[in-house]
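Spelled out, the chains give:
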Amino acid sequence: HFSNMAGVFEQRAKAAEELVRQLEADIGTLRAQAEAELSAKLTKENEELRGLIQAAKSKLRAAQSAHGKPNYPIPGEQSSSTAAAPKGGAAAAAASPSPAPVPAAAAAAAAKPKEDKGKKDEKPKQDKPKEDKGGKKKEAAPAATPAAADDEKIDVSRIDFRVGRVVSAKKHPEADKLYLEDVDLAEGKNRTVLSGLADYIPLEQLQGRLVILCTNLPPRKMKGIESQAMIMCANDGSKVEIIDPPAGAVPGDRVVFAEYPGTPDPVLNPKKKIFETVVPDLKTNGELVATYKGAAFTIQGKGVCKVQSLANCGIK
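The shown structure was predicted, so the numbers you read here are calculated from the model rather than taken from an experiment.

### Regarding the pairing of strand β1 (residues 161–172)
- As defined by bridge partners, β1 adjoins strand β4 (residues 210–214) across five bridges and the pair is classed as antiparallel. Looking at β4, one finds that Arg165 is bridged to Leu210.
- The sheet contact formed by β1 and strand β2 (residues 175–184) spans seven bridges and is antiparallel. Bridge pairing in β2 links Ser168 to Asp182.

In structure tokens:
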């Protein structure tokens, strides 16, 4: 009985050993397959990276050529002479003596483009302070700043056009062609405005009317009374029409121009002729809309400003 059990155990041990050997063989096969797959994947990725690097080098050379720069050797790139394998194979390559290392200073000197001997080193010119007649040096003018550049830009964005309501209007006591108006611009205090509309607009058409005014002109006295704004009108030389704001506009609304964003000057400098430069480009279009170079007088969220009948006329 014991001999039979020993035989069974011996058979099981042999079977276990055979199973272990089989498992080891399977693991070896799987390991080899995994290594082969990884190797193939890495080889493919290396080829892709090599292609990307080569494309980048080509772009770099093209950019250098486009800007007139010499094509300096790219780090890590072998020249055609060193990249070619020697004819004797690996043994010949090993037998040939390696070139002596070149000192860094000598390499930099060799890479530096030669200068034209006929030209002397040119130093950048510096603006020297000018001297006045008395021998004193004048300081060089400071460079223009972005704010100064914006200040020199002249377009309609520097004009402050706003909606106002004519609270009252009457004739100027000393000038038959002038109206004297009291205008609400939602500033807390009404403005006094003088306009030469007496020959064109009846007084009753001004009372309580919403109008567009230029509000940042310097105040100007007319017949002893200071005018603090200007009512904008279309004029064809014989007929004058007041520019009307869109429905829903209220005193204080600002006129904007989509194509000309910006913040108006607090007060226009008369020496810079800003208003005089802008006015020739203020016109009504074929749809009776007031425009600056084709950009409509617009009250945001409410609409555009128009006249009643004067198309393609100047505005002032």
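Still to come is the rest of the account.
### Description of the pattern of salt bridges
- Tallied over the full model, the rule gives eight salt bridges.
- Between Arg21 and Glu18 there is a salt bridge, with its nearest N and O atoms 2.6 Å apart. Taken together, the positions of Arg21 and Glu18, both in helix α1 (residues 2–66) and three residues apart, correspond to about one turn of that helix.
- For Arg21, a relative accessible area of 46% puts it in the partly exposed group.
- For Glu47, the salt bridge is made with Arg50, and the minimal N-O distance between the two is 2.9 Å. Placement of both Glu47 and Arg50 in helix α1 is noted, with a separation of three residues, approximately one turn of the helix.
- What makes Arg50 partly exposed here is its relative accessible area of 49%.

### Focus: the sheet that holds strand β10 (residues 255–256)
- Pairing within the open sheet is antiparallel, and its three strands lie in the order β10-β14-β15. Sheet topology places β10 and β15 (303–304) at the edges, where each strand pairs with a single neighbour.
- Here strand β14 (residues 298–299) runs beside β15; their pairing, made up of two bridges, is antiparallel. Each bridged residue has a counterpart across the sheet, and for Thr298 the counterpart in β15 is Val304.

### Some details on the sheet that holds β2
- Spatial ordering of the open sheet is given by β3-β2-β1-β4-β7, a layout of five strands whose pairing is antiparallel. Looking at strand neighbours, the two that pair on one side only are β3 (191–195) and β7 (230–231), the edges of this open sheet.

### What to know about the nonpolar core
- Grouped together as the largest cluster of nonpolar side chains are 30 residues, with contacts concentrated most on Phe161, Met232 and Leu282.
- Every element with two or more residues in this core is listed here: β1, β4, α6 (274–278) and β12 (290–292).
- The element contributing the most residues to this core is α6, with three residues.
- Core analysis: the next-biggest nonpolar cluster, separate from the first, contains 17 residues, Ala169, Leu185, Val193 and Cys233 among them.

Parameters and conventions
- Residues numbered from 1 in each chain as written.
- Predicted model: local features only at pLDDT ≥ 70, side-chain atom pairs only at ≥ 80, totals over all residues.
- Heavy atoms only, no water.
- Pairing = 2+ DSSP bridges.
- Helix = DSSP H or I, 4+ residues; strand = E, 2+ residues; numbered from the N terminus.
- Salt bridge = Lys/Arg side-chain N within 4 Å of Asp/Glu carboxyl O.
- Buried < 20%, exposed > 50% of the residue type's maximum accessible area, 1.4 Å probe, protein only.
- Core = buried A, V, L, I, M, F, W, Y, C linked by side-chain atoms within 4.5 Å.

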